[in-house]
Amino acid sequence: MRNRILAIAAVAAAIGAPMAAQAQGEMTTGVVRGGTVIMNDDLPGIAVDQRPAFREYVVRERVPDYSIPERVIVGGVLPETGVTYYDVPQTYGVMPYRYTVVNGETVLVEPRTRRIVQVVE
């Protein structure tokens, strides 16, 4: 009986976890090399209301667009050479990250690992 109750509780938790995660905020889900990545718009990055202004800033700065053969997705790692990374202005509040434009997409990158933390849409 006890094992049955534990099994039912485990199934209920597994079913309810995605719903609970989605209730926390707007989510974007993507797949990175076999794993699932969930990007919550409440996490660090360019806030939704600041994205249009940031995109305009990038266009004004005439940041070159780099081409890579891989898809540009959150969690992807950019090449060590051939891409230039730029500081994000303080007005956007994401100081630890840098940005660049790859395959026509503006991305925020963790500078030490070159891992994409946000695709600014």
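Structural notes, computed from the coordinates. If you're wondering where the values come from, they're calculated on a predicted model, not measured in any experiment. (Residues numbered from 1 in each chain as written. Predicted model: local features only at pLDDT ≥ 70, side-chain atom pairs only at ≥ 80, totals over all residues. Heavy atoms only, no water.)

Here we take up the overall build of the protein chain. In terms of regular secondary structure, the protein chain is built from two helices and seven strands. Going from the N terminus to the C terminus, the protein chain shows its helices and strands as α-β-β-α-β-β-β-β-β. Once local pairs closer than 6 in sequence are excluded, the contacts in the protein chain between residues at least 24 apart make up 51%. Summed over its atoms, the accessible surface of the protein chain is roughly 8200 Å², and 55% of this surface lies on carbon and sulfur atoms. (Helix = DSSP H or I, 4+ residues; strand = E, 2+ residues; numbered from the N terminus. Contact = heavy atoms within 4.5 Å. Areas by Shrake-Rupley, 256 points an atom, 1.4 Å probe, with all protein chains shown as cover.)

Right, let's get into the pairing of strand β6 (residues 105–110). A regular strand places its side chains on the two faces of the sheet in alternate fashion. Two strands pair when backbone bridges link them, and strand β5 (residues 98–102) and β6 are joined in this way by five bridges, in the antiparallel orientation. Paired with tyrosine 99 across the two strands is leucine 108, which belongs to β6. Between β5 and β6, which pair antiparallel and follow one another directly, the connecting turn spans two residues, one of which, asparagine 103, has a positive phi of 50°. Two elements, β6 and strand β7 (residues 115–120), share five bridges in a ladder whose sense is antiparallel. Among the inter-strand pairings, glutamate 110 is bridged to a residue of β7, identified as arginine 115. Here β6 folds back onto β7, and the loop between the two strands holds four residues, one of which, arginine 114, carries a positive phi near 65°. (Pairing = 2+ DSSP bridges.)

Turning our eyes to something else, we now look at the packing of aromatic side chains. Aromatic rings considered in pairs are described by the distance between their centres and by the relative angle of their planes. Scanning the entire structure with this criterion turns up six aromatic pairs. Taken together, a centroid distance of 5.3 Å and an interplanar angle of 80° make the contact between phenylalanine 54 and tyrosine 99 edge-to-face. In this pair, phenylalanine 54 sits in helix α2 (residues 51–61) while tyrosine 99 sits in strand β5, placing the two residues 45 residues apart along the sequence. When its relative accessible area of 2% is taken as the criterion, tyrosine 99 is described as buried. Pairing tyrosine 86 with tyrosine 99 gives two aromatic rings, centres 5.6 Å apart and planes at 35°, and the pair type is tilted. One end of the pair, tyrosine 86, is in strand β4 (residues 86–87); the other, tyrosine 99, is in strand β5, with 13 residues separating them in the sequence. Put simply, the rings of Phe54, Tyr57, Tyr86, Tyr92 and Tyr99 touch in pairs and so form one group of aromatic residues. (Phe/Tyr/Trp six-rings, centres within 6.5 Å; stacked < 30°, edge-to-face > 60°. Buried < 20%, exposed > 50% of the residue type's maximum accessible area, 1.4 Å probe, protein only.)

What follows deals with the side chain of glutamine 118. With respect to the helices, strands and loops of the structure, glutamine 118 is situated in strand β7. Overall, the relative accessible area of 4% leaves glutamine 118 in the buried class. At 2.7 Å, the side chain of glutamine 118 and the backbone nitrogen of isoleucine 46 are in polar contact. (Polar contact = N/O pair within 3.5 Å; in protein donor to acceptor, adjacent residues only side chain to side chain.)

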